[in-house]
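# Descriptive analysis of the structure
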Amino acid sequence: MINITFPDNSIKSFNQIPTGMEIAVSISEGFARNCVAMKINDQLKDLSAQVQSDCAVSFITTKDEEGLDILRHSSAHVMAEAVLHLYPDAKLTIGPVVEDGFYYDIDMAPISEEDLVAIEARMKGIIDAKTEFTRKVVSKSQALEIFKDNPFKLELINELDDSQEISLYQNGQFIDLCRGPHIPQTGMIKGFKLLKISGAYWRADQSREQLQRLYGISFFDKKQLNQYLTLIEEAKKRDHRKLGVKLDLYSFHDEAPGMPFFHAKGIDVWNALLDYWRYEHKKAGYVETKTPLMLNKKLWVQSGHWENYRENMYTSVIDDEEYAIKPMNCPGGMLLYKTKAYSYRDLPLKAGEIGLVHRHELSGALSGLFRVRAFHQDDAHIFMMPSQIGEQVLNVLNLAKRIYSRFGLDFHLELSTRPKKSIGSDQQWEEATNGLKAALDQYGQQYFINEGDGAFYGPKIDIHIKDALGRTWQCGTVQLDMSLPERFDLTYKGQDNEKHRPIMIHRVIYGSLERFFGILVEHFAGKFPLWLAPVQVILLPINQDLADHAEQIKSQLESFNIRCEVDARSETLKKKVRDAQLNYIPLIVTIGDKEKETQTLSVRTLDGNVKMGLTIDDFTQPVLHHIKERTLDEAIF
RNA sequence: GCCGAUAUAGCUCAGUAGGUAGAGCAUCUCACUUGUAAUGAGAAUGUCCUCCGUUCGAUUCGGGGUAUCGGCUCCA
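On a predicted model such as this, the values are computed, not experimentally measured, just so you know.

Taken together, 51 residues are adjacent to RNA strand B, and Ser198, Tyr201, Gln474, Ser570 and Glu595 come closest. Of what RNA strand B places within 4 Å of the protein, 50% of the atoms are sugar or phosphate. Separating a sugar or linking oxygen of RNA strand B from a side-chain N or O atom of Arg371 is a distance of 2.9 Å. In this structure, a sugar or linking oxygen belonging to RNA strand B sits 2.4 Å away from a side-chain N or O atom of Gln474. Taken together, the elements giving at least two residues each to the surface near RNA strand B come down to β12 (191–201), β13 (210–219), α8 (240–246), β25 (472–481), α18 (573–582), α19 (593–598) and β32 (600–605). Within the surface near RNA strand B, the residues separate by chemical class into 15 nonpolar, 18 polar and 18 charged.

Structure follows, in C-alpha cells:
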C-alpha cells in the first residue's frame, strides 16, 4: 500500500507501485493530459517515474512556469535530433532553457537562417510522431562509451560528481545526456519556432571551440506562440534605433561609434527628463555638482580603477603626464569631498552629478542608445555615518520608486554580492552587504540575489524596470562603497571629537540617460506623454492667409513654455494632420477663419478626438496643468 | 574583441549574369488655398561604405579595413 499526499493535504492510496502518470490519471484523464512532470517530496521527476513509497506528490502542469521550462528543454532535444538528422557530423554540447526559449550549442559548420527552415520541418515530423521520452540510468563508464565520439559530452561526464546519477533520455533513435525531466511525449509541443542562430564559445571561453548556437521557443499552445511572435513584431516596430531616428531625436554616425548625436527635438526630451530629475533630487535633499572629464592617472591609481578597469578607459598623454577620461564619476567626487572638513552634522551629504563618462566597450557590444561608449550618468554620491546606511539606502529606493512610477514603470530589485575581482577586506564586504540587505528587508519588496555580480568596489542593489511590453531593463543601481573613502582617506569629525571614516553610496536612477531615453522611446512607442513630447502642440493654419495668426498663437503658447510648432506648408489639412499624427505630436490645433474670428482653437488629440471652440485659456490651463504635474494621461480635454 | 550576416539617394528598398544605376517617401519649384490620417505636375539628388587586387573596364568578382545587425562577452 502506497499513500500519496497531494498539495491540498488529501491522501490517496495505491495497492501497487504507481507511476506519476498513473497517479495523474487517477485524478482525471483531462488533468493527466495537462501534466508535464511531477515533484516527489519537492524533487522534479518524470511522469514515467515510479512512486516507490509514501510521499508527497505534486504535479507540474502546462500552466506552470516550470512546466514551460521542461517543455522548452524537451524542445531543445527535438531540435538537436533534427540537426543531427540533417547534419550527421554535428557534435552536440549543451542545450539549456533560457528566459525566452531555449538554445542548443552545437559544434558544426556555420549555417544560416535559411537552414533553420529545414530543421523546423524535421522537428515538426518528430513532434507529429508523438515519440515518448524515456529515461535510462547508466554508469559513468557506460556513458563514456556511448558518447565516445563527442569530446564535449565526455568533458561533461568526466566533470560529474561520482555520487551523481548519470541519466540519458531517449526519444526515437535520439539519445542525449540529460538530467531531465522531460515531457512525456513530443506531441505536447504545440507551437514552436526557431528564432535565430549565432556563434558561441564552448564554455563561453574565447580560446575554446566556436559553436553554433540555435535559438528557439516553444509553447503548449499555438496561440501563445502567436502572441509571442506578435510581441516580437511589436518590439521591432518600437525599436528605438529606428523610431528615434525617424522622429528626429538622435542619430548615429560611423565617425563616432557608440556615441550618439542628439538632435534639437531629442534635447527637448532630454531636458525634460533632467528638469524632472533635478526637481525630485532637490526635494530629496541633494545638491548638484560637476567634476572634470579628464583626470590624471595618479587619481585612477589611487582609486583602484587603473588596476581594475583600465582596459575600458580612454587615455591620453598631456605634458608628459598620463590622463584618463573618466569612466566613472566617483574619484572626482572624492576630490570634491576633500575640499573641506566635515562634521557629523553635515552628514548625510548627497552630491548629485550628471556626469559624462566614457567606457571603451567591445565594438561588437554596441547597440543604439542601449549600449554606448559615452553616456551621462545621473550619478550621486552619498557620504554618511555607518549608522545611516539603512535609512539612506531606503531613501534611494523610495526616490527611485517615485521617479519610475512617473513613467509608468514597475521594477524589481536584485542584490549582487562580491565578485572574484575586487578590492577591500572580507569584513568590509560583509558589513556593506549586510547593510544593503537590511535596507531591502525594510523596504519590503521581494528581491533576488546575484552571487558574485557586484562591482569591484562593493555590493550593489540593481533596480530592473519593466516596460510596456513586459521587458526588463537594469537601470538604477545602489552601490555601497567602503573602499574609496579609505583609499582617499575621507574623514568627518564625530560627536566624540575624533576623526571617523564616512561610508559612501554610489547610486543612479535613470542609470544612463542615453539608455533610459532609448527605453522610454520603446516603452511609449514614440508617443511621449505631453510633458516629455519634443513638440507638444502643432498649429495647423488651414490656409496660408492664416499663417500669421497661427504664429501669433505660437508666440502666446511659447510664453508659457509650451513647445510649439506651426505647419504653414501649402498642403491640405488632411496631409498636415496625418504628418502630425505620424510624428506623435500630442496636440494638433487647427486654425481656420472661424477660429480667428471667434478667437478660439480646435484641438485634436492623438486618439483622433476633436474639440472645437476652446478659448486660449480653455486650452492652456489643462495643458499647463498636465505639463506641470507630468501626467501620463492622454485624455487632456 | 570573437563568430555569422549586411552595407545602393536624407529614409525604405529594387537592380546590374562585370559596360558607372532606379522606385516610393522626403527635398526643391510651380499650380492649388485646402476644415481633421497622403492635391497635382515638374525638377534635383548618388565617390553604389572604404582601400587594394583581378580585368580593356569593378557598385557587381577576390582580399584587407570600417560601420551596422544577430549572438558570445561585458555592463549603466
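After that view of the structure, there is still more to cover.
So, on to the side chain of Ser74. As for its placement among the helices and strands, Ser74 is situated in helix α3 (residues 65–86). Once residues lying within four places of it in the same chain are set aside, the contact partners of Ser74 are Phe133, His182 and Ile183.

Bridging between strand β18 (residues 315–318) and strand β19 (residues 321–325) involves four bridges; their strand directions are antiparallel. Looking across to β19, one finds that Thr315 is bridged to Ala324. Counting the residues between successive antiparallel strands, the hairpin from β18 to β19 contains two residues, one of them, Asp319, with a positive phi of roughly 50°.

Since the α-helix advances by 3.6 residues per turn, residues separated by three or four positions end up pointing in the same direction. Under the 1.5 Å per step criterion, the end-to-end length of helix α4 (residues 115–128) is 20 Å for 14 residues, consistent within 8% with the ideal 20 Å. Taken together, the buried positions of α4 are Leu116, Ile119, Glu120, Met123, Ile126 and Ile127. For α4, the angular spread of the buried residues around the axis is 115°, confining them to a single face. Across from the buried face of α4, at angles greater than 90 degrees, the exposed residues are Val117, Ala121 and Asp128. Considering only its buried residues, α4 is in contact with α3, β10 (166–171), β12 and β13. Count one or two residues on from α4 and you reach Lys130, which has phi positive near 45°.

Turning to the nonpolar core, a few remarks are in order. Within the largest apolar cluster, 61 residues are counted, with the highest numbers of intra-cluster contacts made by Tyr404, Phe407, Phe516, Phe528 and Leu532. The contacts of Tyr404, once residues within four sequence positions are left out, are Leu409, Phe411, Ile463, Ile465, Cys475, Gly476, Ile509 and Phe516. In this structure, Ile70, Val78, Ile111 and Phe192 belong to the second largest nonpolar core, which totals 40 residues.

To continue, consider the layout of surface pockets. By rolling a water-sized probe across the atoms, one finds the places where empty space is left. Within this model, the largest pocket holds a volume of roughly 1,500 Å³. As for the largest pocket, its lining consists of 38 residues, of which Asp100, Tyr228, Leu231, Ile232 and Arg471 are closest to the centre. Broken down by secondary-structure element, the contributors of at least two residues to the lining of the largest pocket are α3, β12, β13, α7 (222–238), α8 and β25. In terms of residue count, α7 provides more of the lining of the largest pocket than any other element does, nine residues in total. Split by residue class, the lining of the largest pocket holds 15 nonpolar, seven polar and 16 charged. Counting contributing residues per domain, the lining of the largest pocket is built from domain 2 (66–235) and domain 3 (246–294 + 326–523), each supplying no fewer than three.

Summarising the element assignment, Val78 is placed in helix α3. On the basis of relative accessibility, which here comes to 0%, the residue Val78 falls in the buried class. Expressed as a C-alpha distance, the spacing of Val78 and Glu120, which sit 42 residues apart in the sequence, is 9.7 Å. Other than its neighbours up to four places away in sequence, Val78 contacts Met123, Ile126, Ile127, Phe133, Asn171, Thr186 and Ile189.

For strand β22 (residues 410–416), the tally of buried residues reaches five of seven residues, placing the bulk of the element in the interior. For β22 and strand β24 (residues 460–466), the ladder comprises seven bridges, and the chain directions are antiparallel. Paired with Glu414 across the bridge in β24 is Asp462. Here β22 pairs with strand β23 (residues 447–450) via four bridges, running parallel. The residue bridging Glu414 from the neighbouring strand is Phe448, located in β23. A crossover connection joins β22 to the parallel β23 through helix α14 (residues 426–443); in handedness this β-α-β unit is right-handed.

This part covers the sheet that holds strand β17 (residues 294–296). Spatial ordering of the open sheet is given by β17-β19-β18, a layout of three strands whose pairing is antiparallel. This sheet does not close on itself; its edge strands, each paired only once, are β17 and β18. Going across the sheet, the axis of each strand differs from the next one's by a mean of 35°, ignoring polarity. Sheet topology note: the β17/β19 ladder contains three bridges and is antiparallel. Counterpart to Met294 in the pairing with β19 is Ile325.

What counts, and at which threshold
- Residues numbered from 1 in each chain as written.
- Chains lettered and ligands numbered in written order.
- Predicted model: local features only at pLDDT ≥ 70, side-chain atom pairs only at ≥ 80, totals over all residues.
- Heavy atoms only, no water.
- Near = heavy atom within 4 Å.
- Polar contact = N/O pair within 3.5 Å; in protein donor to acceptor, adjacent residues only side chain to side chain.
- Helix = DSSP H or I, 4+ residues; strand = E, 2+ residues; numbered from the N terminus.
- Nonpolar A, V, L, I, M, F, W, Y, C, P; charged D, E, K, R; others polar.
- Contact = heavy atoms within 4.5 Å.
- Pairing = 2+ DSSP bridges.
- Expected span 1.5 Å × (residues − 1).
- Buried < 20%, exposed > 50% of the residue type's maximum accessible area, 1.4 Å probe, protein only.
- Arc of directions from axis to C-beta.
- Core = buried A, V, L, I, M, F, W, Y, C linked by side-chain atoms within 4.5 Å.
- 1 Å grid on protein atoms, 1.4 Å probe; cavity = no way out; pocket = protein on both sides within 12 Å on 5 of 7 lines; lining within 4 Å.
- Points joined across faces, edges and corners; volume = space filled by probe spheres on them.
- Domains from an automatic or database assignment.
- Right-handed = clockwise from strand over helix to strand, strands pointing away.
- Axes fitted to C-alpha atoms, helices over the stretch in contact; angles between N-to-C directions.

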